[in-house]
Amino acid sequence: MSRAIIACINRTRGSQAAVEWAAHEASLRDLALQVRYGTPPDDLSTAAMVVLDLPTTEDDTTGLAAPPAALALAAASACPVVAVPDPLIPVAAPAYRTSQLTLGIDARHPAERAVGFAFAAAQVRGVRLHAVHAWKLPSCATPLPFGIPEEDRATWEDHEMQLLADALRPWQKKYPRVAVLEDVVLLSPFDALVHHAERATLLVVGRGSGGDPGLVQALLREARCPVAIVP
């Protein structure tokens, strides 16, 4: 059976945005589109991607912006799951037509499938890939009484840049047409990704999310662009 992009919607206010996003993705990838209402089916063996609509505050009766069903599917699915919020980013053009895709990457332990998905998605869209690696100061910096010497911080940051470059290098060789912006940010992963995804066409993260099980839930709650969770 041929592969398809499956849009699972709940007739919320954001359903139209999710179906439009899924239809655009299907056309980019030359795949069939299936639209299903209600709870995602158990059998997703033909799905190349599952697209969900996220409820608005008015739609959500649980008080959670990231519904349990979306989190459960993202945690168990064998294919990427994309959650589309409503509204999409308030820009003049639809969010999928903006010029940058954001990838959250842990350069020390890169989620290879998520990185590959992000590069492929950037190439098919013809947009730049913004690879964001969040880092923190080493433990030896904590007890310094007079602040952190600038040369020490620069050395640590250079090391993080090298880790990111090393993690991305094989993928840049595989996708030479994709322009890449490498970015190391001295913030928490959540703050870094929410900030840099404000005008992104898509935010891509690995399902493991650097070992932080709450990061995906927080991103689904706060992101204003579609979020792809890749196993």
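Before any of the text, the structure's been laid out above.
Criteria and cut-off values
- Residues numbered from 1 in each chain as written.
- Predicted model: local features only at pLDDT ≥ 70, side-chain atom pairs only at ≥ 80, totals over all residues.
- Heavy atoms only, no water.
- Pairing = 2+ DSSP bridges.
- Helix = DSSP H or I, 4+ residues; strand = E, 2+ residues; numbered from the N terminus.
- Axes fitted to C-alpha atoms, helices over the stretch in contact; angles between N-to-C directions.
- Salt bridge = Lys/Arg side-chain N within 4 Å of Asp/Glu carboxyl O.
- Buried < 20%, exposed > 50% of the residue type's maximum accessible area, 1.4 Å probe, protein only.
- Core = buried A, V, L, I, M, F, W, Y, C linked by side-chain atoms within 4.5 Å.

J.: Honestly, the sheet that holds strand E8 (residues 203-206) in this entry has me stumped. Any pointers?
T.: Two modes of strand pairing occur in sheets, parallel and antiparallel, and in both the strands are linked by backbone hydrogen bonds. Strand order in the open sheet made by the nine strands is E2-E1-E3-E4-E9-E8-E5-E6-E7, with mixed pairing throughout. With one partner strand each, in any of the chains shown, strand E2 (32-37) and strand E7 (180-185) form the two edges of the open sheet. The average undirected angle you get between the axes of adjacent strands in this sheet is 20°. In the sheet, strand E5 (residues 100-104) pairs with strand E6 (residues 128-134) via five bridges, with the strands oriented parallel.

J.: When you look at the pattern of salt bridges in this model, what are you seeing that I'm missing?
T.: Where side chains of opposite charge bring their charged atoms close, a pairing between them can arise. For the structure shown, the criterion picks out five salt bridges. Across the pair Arg29 and Glu25 runs a salt bridge, and its minimum N-O distance is 2.5 Å. Separated by four residues within a single helix, Arg29 and Glu25 lie in helix H1 (residues 15-29), roughly one turn from each other. Its relative accessible area of 1% is what places Glu25 among the buried residues. The residue Glu160 makes a salt bridge to Arg108 at a minimum N-O spacing of 2.7 Å. Taken together, the positions of Glu160 in helix H4 (residues 150-174) and Arg108 in the loop between E5 and helix H3 (112-125) put the pair 52 residues apart, joining distant regions of the chain. You can call Glu160 buried: its relative accessible area is 3%. Here the salt bridges do not stand alone but share partners, grouping Glu25, Arg29 and Arg125 into one network.

J.: Is there a simple way to think about the nonpolar core in this case?
T.: Nonpolar side chains in soluble globular proteins tend to be buried together. Residues Val51 and Val204 are the most contacted members of the largest nonpolar core, which totals 38 residues. Of the residues forming this core, the biggest block, seven residues, is contributed by H3.

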